[in-house]
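A closer look at the structure
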Amino acid sequence: TGERSAPIAALPSDPRLGPLFRAATELALVTFRYHGEERTVEPYRISFSRGQWYVAGFDRTRGAERLFRVDRIEGDVVVGEPKAFERPEHIGSDPRVRAWELGDADAVTARLLVDADQALWAVHAAGEDAVVEQRPDGSVVLELTVRNRGAFRSFALAFLEHAEVLSPQELRDDIVEWLTAQLDPPRQAVGEGAR
């Protein structure tokens, strides 16, 4: 008919996206400031999730894979020479961004046991690649990379009594402390509220 249809959605633009896409395509290193620190990154993948652009890659500054939110990059992205690195064969089968992975804290590997009646939903939310054990009773053990403890706590607590943090101990303690604080809120000082 020759008529143009209206766009279904508009993706937010960012001036840093062009250099990042070029670098990911050309296998060029990128350098940028993130949380006040100069980073040199091998950009493996650019993705859009939950209304935000992300770049996933190997952060040579930190010596580990990281996920960066593009709008939090400070200033310009400097692109290096092409073919400066090789993209690994396996970057991760699921490009979805999960809230517990977002953040700049050092990664902690968490193991979460989820009962059989909640296992299907848990695997859908975390991804098939997170399953490290399927037990005979139908429960599953998920292994998750956690950089945002609050988001991990929210995910684990969504299952109520149907999930248990197996490791590490510090994440188990974090949930126990948070739950204890919810049960025992700070008391009012004597005399407050009596007026």
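In this report, we go over the structure that sits alongside the text.

Counting 23 residues, the largest nonpolar core has Trp100, Leu142, Leu144, Phe152 and Phe155 as its most contacted members. Contributing elements (two or more residues each) for this core: β6 (108-114), α2 (116-126), β8 (140-146), α3 (149-157) and α4 (169-183). Considering each element in turn, this core owes the most residues, 5 residues, to α2. Contact partners of Trp100, with chain neighbours within four places excluded, come to Ala125, Ala126, Leu144, Thr145, Val146, Arg147, Asn148, Ala151, Phe152 and Phe155.

Since the α-helix advances by 3.6 residues per turn, residues separated by three or four positions end up pointing in the same direction. Inspection of α2 places Ala119, Ala122, Val123, Ala125 and Ala126 among the buried residues, and these make up the whole buried set. Angularly, the buried residues of α2 cover 160 degrees about the axis, an arc narrow enough to put them on a single face. What points out from α2, more than 90 degrees from its buried face, is the exposed set Asp117, Leu120 and His124. Those residues of α2 that are buried lie in contact with β6, β7 (131-134), β8 and α3. One or two residues past the end of α2 sits Gly127, with phi positive at roughly 100 degrees.

Okay, the pattern of salt bridges next. For the structure shown, the criterion picks out 14 salt bridges. A salt bridge links Asp174 to Arg153; the nearest nitrogen and oxygen atoms lie 3.0 Å apart. Placement of the pair is Asp174 in helix α4 and Arg153 in helix α3, with a sequence separation of 21 residues. The exposure class of Arg153 is buried, given its relative accessible area of 17%. What emerges from the salt-bridge pattern is a single network uniting Glu37, Arg39, Asp59 and Arg62.

Turning our eyes to something else, we now look at unusual backbone geometry. Residue Pro168 follows Ser167 across a cis peptide bond; omega there is -5 degrees. Within the secondary structure, Pro168 sits in the loop between β9 (163-167) and α4. The backbone of Leu27 sits at a positive phi, close to 60 degrees, despite the residue not being glycine. Relative to the assigned elements, Leu27 resides in the loop between α1 (17-26) and β1 (30-34).

Turning to the packing of α3 against α4, a few remarks are in order. Look at α3 against α4: their axes get within 11 Å of each other, and the N-to-C directions meet at 75 degrees. As the angle between them shows, α3 and α4 are arranged roughly perpendicular. Residues Arg149, Phe152, Arg153, Ala156 and Leu157 of α3 touch α4, and the partners they reach there are Glu170, Leu171, Asp174, Ile175, Trp178 and Leu179. Classifying every residue of the contact of α3 with α4 gives 7 nonpolar, no polar and 4 charged.

Reading the values: the criteria
- Residues numbered from 1 in each chain as written.
- Predicted model: local features only at pLDDT ≥ 70, side-chain atom pairs only at ≥ 80, totals over all residues.
- Heavy atoms only, no water.
- Core = buried A, V, L, I, M, F, W, Y, C linked by side-chain atoms within 4.5 Å.
- Buried < 20%, exposed > 50% of the residue type's maximum accessible area, 1.4 Å probe, protein only.
- Helix = DSSP H or I, 4+ residues; strand = E, 2+ residues; numbered from the N terminus.
- Contact = heavy atoms within 4.5 Å.
- Arc of directions from axis to C-beta.
- Salt bridge = Lys/Arg side-chain N within 4 Å of Asp/Glu carboxyl O.
- Axes fitted to C-alpha atoms, helices over the stretch in contact; angles between N-to-C directions.
- Parallel < 35°, antiparallel > 145°, perpendicular 65-115°, else oblique.
- Nonpolar A, V, L, I, M, F, W, Y, C, P; charged D, E, K, R; others polar.

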